[in-house]
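Next come the chains, spelled out residue by residue.
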Amino acid sequence: MSDVEENIERLISRSLDGMLDDRQQLELDRELIRNPEARRMMEEYRGADALAAAALADLGRAGVDVDRIVAKATRRKAEVPRRHRSRRGWLLVPGAIAAAVLAMVVPKPLFDGGDDLHAPTFSVDAESSTHRQLGRPPLPVPMGSNAAPMRTVGDRSMLRRRAGTEWIGVVGDDGNVYWIEVQRTRTIRIAGHNRRMGGSFLER
Amino acid sequence: MAMPAATEFDAQRPEVDAIRAGDRRAFAEFVRSHDKWVRGVVFGVLGSCDDIDDVCQQVWITFWRRIGELRDTSSWRSWLYRLSRNAAIDAGREKTRRRTRFPSTSIEGVEGQVPAGGPRDETRERYEAVLGAIGGLPVLYREPFVMKHMNGWSYKQISEALGLPVDTVETRLVRARRLLRETLKEQVVLGDVERS
């Protein structure tokens with residue numbers, strides 16, 4: 001396409017868009033009068049434009065079902081909180097699985113003495129005044145005591161719990177109750193290593 | 001990407017505020033008023049009518065759900081434009097994925113370009129051919145062309161919407177017209193019109 005043709009084409013395009021200024025309009029008119037090719041181009045462009053406008057207008061007319069959209073949109077908006085809850089609900093499933101896997105894989109630290117988690121897992125033989133932990137090394141003497149042997153208080157649980165912390169109460173021969181604070185942190189959770197090695201976090 | 005100056009569209013601002021406040025009637029009216037140009041934006045990106053209803057529906061649902069995020073209500077038009085364009089781009093990607101997955105399924109073409117409810121017989125066929133030809137334009141030419149012809153936007157409005165200089169918009173419109181004219185001539189659609 002020659003430069004002249006390109007220029008005419010640009011003028012025609014601007015003309016169809018109603019963007020011609022006076023000088024350009026004059027230039028286009030002059031071309032259309034003296035150049036039959038320009039006239040033919042103008043007709044073709046005008047025809048194509050009219051067809052495109054009609055087809056696109058029809059596409060726009062097809063429109064959407066407004067009532068349906070409004071109903072759908074507003075219903076979805078109302079459902080948002082429920083959907084959020086639902087998503088959280090689904091998170092519980094992998095969470096529960098992860099917890100179960102952790103419970104199986106990570107060795108239990110200290111309180112692994114049976115079904116009753118509220119009871120201390122070690123026992124103290126009050127008669128012999130020796131500490132015995134079933135199959136485990138002797139219970140260490142709590143800090144601050146005078147190295148007196150300890151015993152539990154009858155059958156009563158001396159275990160208190162709070163989130164992340166437990167206190168184990170033992171009674172020394174001097175009659176005082178010694179509370180041992182146990183921080184249930186992740187470090188302690190992997191203290192199963194100590195158990196296997198015969199130690200105890202109580203030694204810390 | 002900016003859109004036509006906000007002041008041009010401030011007449012709609014109370015309507016947008018009402019929608020933000022949850023007025024369903026205002027929302028319905030708003031959809032009726034602006035669905036046409038939203039369809040234009042979507043078609044400009046997709047180049048096909050296949051999914052246009054679904055995409056437009058998604059645009060309006062997103063509009064309603066996220067209108068609260070629009071801080072400056074005077075910029076609603078550029079915001080809606082972006083929603084429409086992004087939804088169309090996503091739909092186009094999805095379409096490409098489908099085509100890759102099911103290559104034997106023809107989902108593009110002139111057939112079925114005019115959605116249900118459009119004109120019938122010869123006129124319908126002609127519109128299908130024209131929309132097919134427009135849809136076949138490269139997207140960089142198609143978008144401004146559709147904005148101009150379907151939405152009636154000025155060069156300046158298109159340039160602001162697309163983030164392009166006005167001269168570039170004009171050049172793209174000229175090229176879009178040239179390609180369309182050639183395609184329609186090949187399909188004899190243009191000759192039909194001239195004869196009729």
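Our subject is the structure listed above.
Calculation notes
Residues numbered from 1 in each chain as written. Chains lettered and ligands numbered in written order. Predicted model: local features only at pLDDT ≥ 70, side-chain atom pairs only at ≥ 80, totals over all residues. Heavy atoms only, no water. Axes fitted to C-alpha atoms, helices over the stretch in contact; angles between N-to-C directions. Helix = DSSP H or I, 4+ residues; strand = E, 2+ residues; numbered from the N terminus. Parallel < 35°, antiparallel > 145°, perpendicular 65-115°, else oblique. Contact = heavy atoms within 4.5 Å. Nonpolar A, V, L, I, M, F, W, Y, C, P; charged D, E, K, R; others polar. Patch = residues over 30% accessible without salt bridge, like charges linked within 9 Å, V, L, I, M, F, W, Y side chains within 5 Å. Areas by Shrake-Rupley, 256 points an atom, 1.4 Å probe, with all protein chains shown as cover. Salt bridge = Lys/Arg side-chain N within 4 Å of Asp/Glu carboxyl O. Buried < 20%, exposed > 50% of the residue type's maximum accessible area, 1.4 Å probe, protein only. Buried area = accessible area lost by both parts, 1.4 Å probe.

## A short note on the packing of helix α6 (residues 139-151) of chain B against helix α8 (residues 166-186) of chain B
Residues and elements named next belong to chain B. With their axes 8 Å apart at the nearest point, α6 and α8 run at an angle of 95° to one another. Classified by the angle between their axes, α6 and α8 sit roughly perpendicular to one another. Within the contact between the two elements, α6 uses L140, Y141, P144, F145, K148 and H149 and α8 uses R172, L173, R175, A176, R177, L179 and L180. Grouping the constituent residues of the contact of α6 with α8 by class yields eight nonpolar, one polar and four charged.

## A closer look at a nonpolar patch on the surface
Residue and element names in this part refer to chain A. Taken together, the side chains of V93, I97, V101, M104 and V105 make up a nonpolar region of the molecular surface, amounting to roughly 500 Å² of accessible area. With respect to the helices, strands and loops of the structure, V93 is situated in helix α4 (residues 66-105). V93 gets classed as partly exposed once you look at its relative accessible area, which sits at 42%.

## Some thoughts on the interface of chain B and chain A
Counting from both sides, the interface comprises 48 residues of chain B and, opposite them, 41 residues of chain A. When the two sides are added together, the surface that chain B and chain A hide from each other amounts to roughly 4100 Å², 64% of it contributed by carbon and sulfur. At the boundary of chain B and chain A, one finds eight salt bridges. Elements represented by at least two residues in the side of chain B that touches chain A include exactly α2 (24-46), α3 (52-66), α5 (121-135), α6, α8 and α9 (189-195) of chain B. For the side of chain B that touches chain A, the element with the most residues is α8 of chain B, which contributes 10 residues. Tallied by class, residues from the side of chain B that touches chain A come to 28 nonpolar, five polar and 15 charged.

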